[in-house]
Amino acid sequence: MPLTSGFDNDLYLARQTAAIAERVSRFQNKLYLEFGGKLLYDYHASRVLPGFDPNVKMRLLQKLKEDAEVILCIYAGDIERRKIRADFGITYDSDALKLIDDLGEWGITVSAVVISRYGEDQAAARAFKSRLERRGMAVYTHGVTKGYPTDVEAIVSEEGYGANPYIPTSKPVVVVTGPGPGSGKLATCLSQLYHDYKQGVASGYAKFETFPVWDLPLKHEVNVAYESATADLKDVNMIDHFHLEAYNAKTVNYNRDIEAFPVVKRIIEKITGRESFYKSPTDMGVNQVSHGITDDTAVREAARQEILRRYFRSACEYAMGGGEKDALQRVELLVHDVGAKPEDRCVVIPARAAAVRARERGKGNEGVFCGAAVELRDGRIITGCNSPLMHAASSLVLNAAKELAGIPDGMHLLPPNITESIGRLKSEILHDKKVSLDLDETLIALGISAISNPAADVALKKLKELKGCEVHITHIPTPGDEAGLRKLGVNLTSDPEFSTKSLFVT
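Please read these numbers as outputs of a predicted model, since none were measured by experiment.

K.L.:
So what's going on with the confidence of the model for the chain? Residues and values would help.
P.N.:
On average, residues of the chain carry a pLDDT of 91, and 96% of them reach 70 or more. In the model, residues 501-506 has pLDDT below 50 throughout and makes 17 contacts with residues more than four positions away in sequence or in other chains.

Here it is, written out as structure tokens:
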């Protein structure tokens, strides 16, 4: 059944704004706030916290914009290896450019970009730097910090943080963010802290990271979902033993922050010349997300579903050679820990049943029988299967659009002259051996058909109602299917099965 809302954004914003303001007041009106996770389009958070606005952090920044500016960090190695942001299918450097533009549209200024662990032999990173500078951006490069991570004397020296150029800022709150983990956010914050203290400015550092949620139980499904999302990074949620010892209170953090805390604390104390009031990594955080949760039952179920989605993604990544077996095994254990199984995802069994029906009825394409299913917002399940004419994803979306528009199942939305013309283009001009339409092609065909077909026009307008719906396919989708489903905004999973020996044809 569709998940109900379990999160109040306004309540969260009020608590979060107050927490940041209180933290700024502890320092000399200068706080470097490390923003973990996604600043914009935080779809993981919106999936595990139903009702969470994926852009609520931007709304927070808008409330603070008179007092806040942004430094954007990106790791040079991510640029070099063309690392991809999975939810958009774009590289991290493209994501950084997109973020700069998006922030501008929200009225937030990016003061500077830092390329971390930068080397002159990194051609792609050097080209990215030049591209930013041609856009008028202030770009700074940080090398590998001398002595990091254990030699505090070397780190807090002119050869360590002192070797990094100082980034001038003018606002009380400097948000330091970046695409993905390891982007250099912490090092940039501490480097700025070092330079400020050299100039007599007693600035401070804090961390704003949505997950894990420090004041939810360790095994709460929301925190387990975070572990499933970072299985490839080997992140593990733990009780913050520093916080337990200091305050006799159980809080949750993750292994990397807990392991790094003693060094980070010593670095801050070396920079400031006094004992830090941070007694634990939890102390460093300002996250108030738990105060926005209004329905714990709904949130737990949403998080369970996210864990299942992560399982299917990990299984497919492993099957395609892009993921490690231990990451998949970790997610499998997490699925077990929350008492779930893959078939608890409501669209899995209907998709598999659609594939079985296609085989029984002699449908499919060249011996491949692929099924797909979507859960509409009202809980109805719609299915589709592949054929010589179109992929299963294409059939599914057209069937769902018909259902939403009240169009009889037997009515064709794509006239034969359009599908035949596209088929000739693919076979005779593009020399494609397979002429069945993937979803990207089908959506274009539907748009053309809508010009002269009123039913197709009505169906086209209903596609926006698929955003946020759950979809499962029995085979790994082709690039055209995956791109089309991503554009529609559905939550997609698939079984880790290839549709043909050539991997990408359905």
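K.L.:
Describe the side chain of histidine 472, and please don't skip the residues or the numbers.
P.N.:
Here histidine 472 lies in strand β13 (residues 470-473). Side-chain polar atoms of histidine 472 contact the side chain of threonine 493, separated by 2.7 Å. What histidine 472 contacts, discounting residues up to four positions off in sequence, is Phe312, Arg345, Val347, Val348, Ala351, Gly371, Ala372, Ala373, Thr493, Ser494 and Asp495.

K.L.:
Lay out the sheet that holds strand β11 (residues 371-375) in plain terms, naming residues and giving numbers.
P.N.:
One key point about sheets: their strands pair by backbone hydrogen bonds, in either a parallel or an antiparallel sense. Read from one edge to the other, the open sheet built from four strands follows the order β12-β11-β13-β14, with strand pairing classed as mixed. Of all the strands in the sheet, just β12 (381-385) and β14 (491-494) have a single pairing partner and so form its edges. Adjacent strand axes in the sheet meet at a mean angle of 15°, parallel and antiparallel pairs treated alike.

K.L.:
Help me get a handle on the nonpolar core, residues and values and all.
P.N.:
If you look at the biggest cluster of nonpolar residues, it comprises 101 residues, and the most contacted ones within it are Leu49 and Ile267. Once you skip the residues sitting within four places of it in the chain, isoleucine 267 turns out to touch Val152, Ile155, Val156, Tyr161 and Leu190. Ala372, Val374, Leu414 and Leu463 belong to the second largest nonpolar core, which has 36 residues in total.

K.L.:
Break down the pairing of strand β5 (residues 110-116) for me, with residues and values.
P.N.:
Within β5, six of the seven residues are buried, which leaves it mostly tucked inside the rest of the structure. As judged from the six bridges shared by strand β2 (residues 68-75) and β5, these two strands associate in the parallel manner. Residue pairing for β5: isoleucine 74 is matched across the bridge by isoleucine 115. Judged from the three bridges that link them, β5 and strand β6 (residues 139-141) form a sheet pairing that is parallel. Residue pairing across strands places valine 113 opposite valine 139, the latter belonging to β6. Handedness of the β-α-β unit built from β5, helix α6 (residues 123-134) and β6 comes out right-handed.

K.L.:
Can you break down the pairing of β12 residue by residue, with the values?
P.N.:
Judged from the five bridges that link them, β11 and β12 form a sheet pairing that is antiparallel. What sits directly across from glutamate 375, in β12, is isoleucine 381. Here β11 folds back onto β12 in antiparallel fashion, the turn holding five residues, of which glycine 379 has a positive phi close to 100°.

K.L.:
Account for the environment of lysine 198, with residues named and values stated.
P.N.:
Residue position: lysine 198 is located in helix α8 (residues 185-198). For lysine 198, a relative accessible area of 56% translates into the label exposed. With 132 residues separating them in the primary sequence, lysine 198 and arginine 330 have C-alpha atoms 45 Å apart.

K.L.:
Residues and numbers for the packing of aromatic side chains, please.
P.N.:
Under the definition given, this model contains 10 aromatic pairs. Judged by centre distance (5.2 Å) and plane angle (65°), the rings of tyrosine 311 and phenylalanine 312 are edge-to-face. Residue tyrosine 311 shares its accessibility class with phenylalanine 312, and that shared class is buried. Aromatic rings pair up to connect Phe7, Tyr12 and Phe52 into one cluster.

K.L.:
I'd love a proper account of the pattern of salt bridges, names of residues and values included.
P.N.:
If the charged atoms of two oppositely charged side chains come close together, the side chains can form a pair. For the structure shown, the criterion picks out 34 salt bridges. The closest approach of N and O atoms between arginine 352 and aspartate 495, which form a salt bridge, is 2.8 Å. Residue arginine 352 is found in helix α15 (residues 348-360), and its partner aspartate 495 is found in the segment after β14; the two are separated by 143 residues along the sequence. Under the relative-accessibility criterion, aspartate 495 is labelled buried at 8%. Through salt bridges that share partners, Arg47, Glu306, Arg309, Arg310, Arg345 and Glu470 make up one connected network.

Quick notes on the rules
- Residues numbered from 1 in each chain as written.
- Predicted model: local features only at pLDDT ≥ 70, side-chain atom pairs only at ≥ 80, totals over all residues.
- Heavy atoms only, no water.
- pLDDT = per-residue confidence, 0-100.
- Contact = heavy atoms within 4.5 Å.
- Helix = DSSP H or I, 4+ residues; strand = E, 2+ residues; numbered from the N terminus.
- Polar contact = N/O pair within 3.5 Å; in protein donor to acceptor, adjacent residues only side chain to side chain.
- Pairing = 2+ DSSP bridges.
- Axes fitted to C-alpha atoms, helices over the stretch in contact; angles between N-to-C directions.
- Core = buried A, V, L, I, M, F, W, Y, C linked by side-chain atoms within 4.5 Å.
- Buried < 20%, exposed > 50% of the residue type's maximum accessible area, 1.4 Å probe, protein only.
- Right-handed = clockwise from strand over helix to strand, strands pointing away.
- Phe/Tyr/Trp six-rings, centres within 6.5 Å; stacked < 30°, edge-to-face > 60°.
- Salt bridge = Lys/Arg side-chain N within 4 Å of Asp/Glu carboxyl O.

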